[in-house]
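Given next are the chains, with one letter for each unit.
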Amino acid sequence: MSHHRPKCSRARSGWLARSLVAIVLLWSYNSSRIAAGGDANDRYFDGLLQRGLVTIAENEAQRRLGDPLLTRAEEVVWSIRLANAYTRHAELAAGDERQTLWRRADEELTKLIARSAELPQREAIAAARGLVDAQRAELLRWEWEANGRTASLAQAARQSLQQSGDALRELHRQLDAAARAAGRRADAAIADGELTSREVRELQRDVEHALCQSLVSQIELLSPSDDPAKLTREAEPRLNDLTGGWIGDPRVWEARLLRVRLARLAGDAARAATLVKSALSEQPSDWLADRFVAELVRSQMDRGAVDESLQTLLDRGRQPGRMSDELIYLQVEAHLLAAEAVARRGDKEAAAELRQRAIAWSRQVDGGWGARAAQRVGEAESREKYGPEIASASQAARAAYQTGDVAGALQWFARAAELAETQQQFAAAEEFDYTRASILVSQERLPEAVAALDRLLARSAAGAYREDAGLLRAYVLGRLYEAEATRERREAYTAALEAHREAYPGTATGVEATWMLAALEERRNQWTRALELYRAIANDMGRGPQAHVRIAALYELILARLRELQQPPDEWEDRAVEELAACVRSYPPGAAEWSPMQAEVTLRLVRIVLGHREHPYAEADALVQRVQTAGEAQRRSAERDGGTLPVEWQQFLRTAGQLRVVSLAGQGKLDEARDMFNSLAVTDPAVLLELLLGLGELSDGIPAEQRTALGHLQLQAARTLRSRAAELSTAELRALARAEVEAYRATGNLLDAIKGYEALLEQSPRDKELLRVVASLCSELGTPDSLGQGRRLWQRLEAQLEKGSPSWLEARWQVADAAARLGQADDARKLIGLTRLVYPELGGPELKARYDALEARLGK
């Protein structure tokens, strides 16, 4: 006989392999033979599951189900296999991902069951449902074994196994009746995909095996006071029946393993050893032999024969081939048990040596068994460090958390902290309190988390967790402020951050506190304060690159605000260019080495340079070309690895192209600008619209002659997009309309621009920026009609602004200026006089000078 060693996924499958994989692969093995004759494609699918390649298996099943020529019988087969793949995937996953995969398996089977009356192979559908539930119950038992064998986990697993066992018994009975009925099926029904009597019997044996697995697992979960006799009496004859099958049937070997396990659980070490010896005498494959040896080692350890178990493992290690992950884990277990035994005899040196050997073995295994080995080593170290009582509470807490029992975890961590404090192990108490606070944060129980951290910080002035606890407390206060932005909460959050920065300057947590404080000030529009804070961490290896991005972004915001208020931006422009240029000069000379954040800072600097009063377009062009070079280097690198350019770099290249069009136009290189734009204007209308809108935002600062030429380019692109309006969404059409209007404005066609803006204003009558633009264009056109219209629009804008604000005073000046230009000098003088009476400063020296000049122009 020949068995092939399955190469299961090392993420989690190692410790599940002994039984969970047995159920899923036996079911898959038999469903393949039953459903489609076990052809090469079926063996390929089953092999994917054996090797843990579950995503590929899912994709294969979904591909088959999408075949339009699929028969109803094949639909049943591949739907079951898809549920099977989801189930196998769930065994290898954890947390929310596992629940999602279980749900997908349930949904697939629920759809089949709902249609079972119209589908063939109804017996296979019913068996699939029962076997999936059996796998889920068995997984709970494994969670119990892997996570400290707590009472709560035992109860949940026992209940699930009992329910699954009852369902399997009923399913076994139904399949027995179905097999008899199938013997009377006509050949035509069989040809249409219905199962033969023999095939139904094969499903029944799958169910029988799952039931035996459930019975043995239920026995393992019994408390010492429970009597296993009833379960044993049911399991033994069923296992005897299964082991009497064909030697090449995997169910036979799985049943023999279950008999060894049953003997071990009954305390019959001699029978367990005999059964293992009999199995090994038939020279099974290495992977199967290792599973029998593992059961023998467990039997030896169960009866306290640790030296004997170590000898068994030593003998196996002398044989050719690598020892299985499960046996390596048992090396860890056996050495730790031996260490405990010699420690009780007082031989600390020998105990320490045995623990070191256990640690060495634990480093030779990864995946699921590696995780269990590391956990077992950690538990031993915990007992050594804290003593048995604290270690037990800590272990119960971690087990509860890992299995989703958050309430239990919080209680046990609180208990562990209380015990540690009572025993004056204050470092341990801090560790447990900090862990408990972290769980409270993850559960959004923020006030409780603050209280827990306050207790921790009050305990000691120099604890190992004090620094991290201080930052976590500040973070929680920030979350509370986000939930309810009161002044008191903001002040508490700010005070916590400032205190942490002062206590831990230059540390990673001190930098993080500075970052959090800077982000808070930025959200509050305290931009100069935020700049100062970001600069304080600009040289940090961790947060520094992000700080540079925020500095560049804040400079853009400040400059935009100054221009909106019509205040001179000169000093801020120079400061921004000087600081950001120094930053860019520090970047690697090789473009391929640039990070996305370095590209973003450079592009922001380019935007600032393009809007600078001195119009240094050549410098902007050189900067933007560096970003383009970096992006193309990233593209080549991605293509060499068989991938595509990351989305963020795609966006950077589009933005760089827009900026380059403007920088070329600003230098008077209009043909090159047009060529650049055409190279960017791909066939996708949404991308072309994005390019067009970007140009509109960037072109305001360039000289009038070049801006007019660029406007014609924008208008040409807008007309191209207008011809493809059917491909644009409603929102994109509105954006296109605005881009067209801005193009008219850029080309000097003020009449068409005003008409377009008026249409937009009808759709958004309270859009203050639109009002300001249309009113400005009317004033710029300067005809009597446009001046009258402009005056009315400035008045509408004035009514929406805060009285006395710089923007309001600007709108009031525009109303007075329009009146003066229309020959209504008295109206203009009265308006200026009233405004000067109420707001004598008139918004500052510059705006006041404009009022004075207008008043002088009007005369007395």
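The rules we used
- Residues numbered from 1 in each chain as written.
- Predicted model: local features only at pLDDT ≥ 70, side-chain atom pairs only at ≥ 80, totals over all residues.
- Heavy atoms only, no water.
- Helix = DSSP H or I, 4+ residues; strand = E, 2+ residues; numbered from the N terminus.
- Rg over C-alpha atoms; globule rule 2.2 N^0.38 Å.
- Buried < 20%, exposed > 50% of the residue type's maximum accessible area, 1.4 Å probe, protein only.
- Areas by Shrake-Rupley, 256 points an atom, 1.4 Å probe, with all protein chains shown as cover.
- Lys, Arg positive; Asp, Glu negative; His and termini not counted.
- Charge placed at Lys NZ, Arg CZ, Asp CG, Glu CD.
- Phe/Tyr/Trp six-rings, centres within 6.5 Å; stacked < 30°, edge-to-face > 60°.
- Lys NZ or Arg CZ within 6 Å of the ring centre and 35° of its normal.
- Contact = heavy atoms within 4.5 Å.
- Salt bridge = Lys/Arg side-chain N within 4 Å of Asp/Glu carboxyl O.

Enquirer: Honestly, the overall build of the chain in this entry has me stumped. Any pointers?
Expert: From N to C terminus, the chain includes 40 helices and 0 strands. Compactness check: the chain gives a C-alpha radius of gyration of 38 Å against a globular reference of 29 Å for 860 residues, more than 25% above the reference. For the chain, with 860 residues in total, the buried portion stands at 50%. Element-wise, carbon and sulfur atoms account for 50% of the exposed surface of the chain, whose accessible area totals about 40400 Å². Each charge sign in the chain was given a centre, from 116 positive and 127 negative side chains, and these centres are 2 Å apart.

Enquirer: Would you mind going over the packing of aromatic side chains with me for this structure?
Expert: Two numbers describe a pair of aromatic rings. These are the distance of the centres and the angle of the planes. The full count for this structure, using the stated rule, is 10 aromatic pairs. Where Tyr-329 meets Trp-369, the ring centres are 5.3 Å apart and the plane angle is 35 degrees; that geometry is what we call tilted. In this pair, Tyr-329 is assigned in helix 15 (residues 325-344) and Trp-369 in helix 17 (residues 367-386), connecting sequence segments 40 residues apart. When sorted by exposure, Tyr-329 lands in the same class as Trp-369, which is buried. Where Trp-649 meets Phe-652, the ring centres are 5.6 Å apart and the plane angle is 90 degrees; that geometry is what we call edge-to-face. On the criterion of helical spacing, the pair formed by Trp-649 and Phe-652 is a turn pair, its members being 3 residues apart in helix 30 (residues 647-666). The buried category is assigned to Trp-649, whose relative accessible area is 2%. Residue classification places Phe-652 among the buried residues on the basis of a relative accessible area of 12%. Among the aromatic residues, ring-to-ring pairing joins Tyr-386, Phe-413 and Phe-432 into one connected group. When the ring centre of Trp-142 is taken as reference, the NZ or CZ atom of Arg-141 above it lies at 4.4 Å. The positively charged end of Arg-575 is found above the aromatic ring belonging to Trp-572, 4.2 Å away from the centroid.

Enquirer: Is there a simple way to think about the environment of Val-773 in this case?
Expert: Of note, Val-773 is situated in helix 36 (residues 768-781). Sequence separation between Val-773 and Pro-784 is 11 residues, and the spatial gap between their C-alpha atoms is 18 Å. Not counting the four nearest positions on each side in its chain, Val-773 is found in contact with Arg-745 and Tyr-757.

Enquirer: I tried to follow the side chain of Thr-243 on my own but got confused; where do I start?
Expert: With respect to the element layout, Thr-243 can be found in helix 10 (residues 229-243). The buried category is assigned to Thr-243, whose relative accessible area is 18%. Ignoring any residue separated from it by four or fewer positions in sequence, one finds Thr-243 in contact with Val-252, Ala-255, Arg-256 and Arg-259.

Enquirer: Help me understand unusual backbone geometry in this model?
Expert: Glycine aside, negative phi is the norm for most residues, and most peptide bonds take the trans geometry. With a phi close to 50 degrees, Gln-283 is a non-glycine residue in the positive phi region. When you line up the elements, Gln-283 lands in the loop between helix 12 (269-281) and helix 13 (286-302). With a phi angle near 55 degrees, Leu-842 is a residue other than glycine that sits in the positive phi range. Locating Leu-842 in the fold gives a position in the loop between helix 39 (825-838) and helix 40 (845-858).

Enquirer: Looking at this structure, how should I read the pattern of salt bridges?
Expert: Where side chains of opposite charge bring their charged atoms close, a pairing between them can arise. In the structure shown here, the tally under the stated rule is 70 salt bridges. Put simply, Glu-282 and Arg-256 hold a salt bridge, and the shortest N to O gap is 2.9 Å. Note that Glu-282 is positioned in the loop between helix 12 and helix 13 and Arg-256 in helix 11 (residues 250-265), a separation of 26 residues in sequence. On the basis of relative accessible area, Glu-282 is assigned to the partly exposed category, the value being 38%. With relative accessibility at 14%, the residue Arg-256 sits in the buried group.

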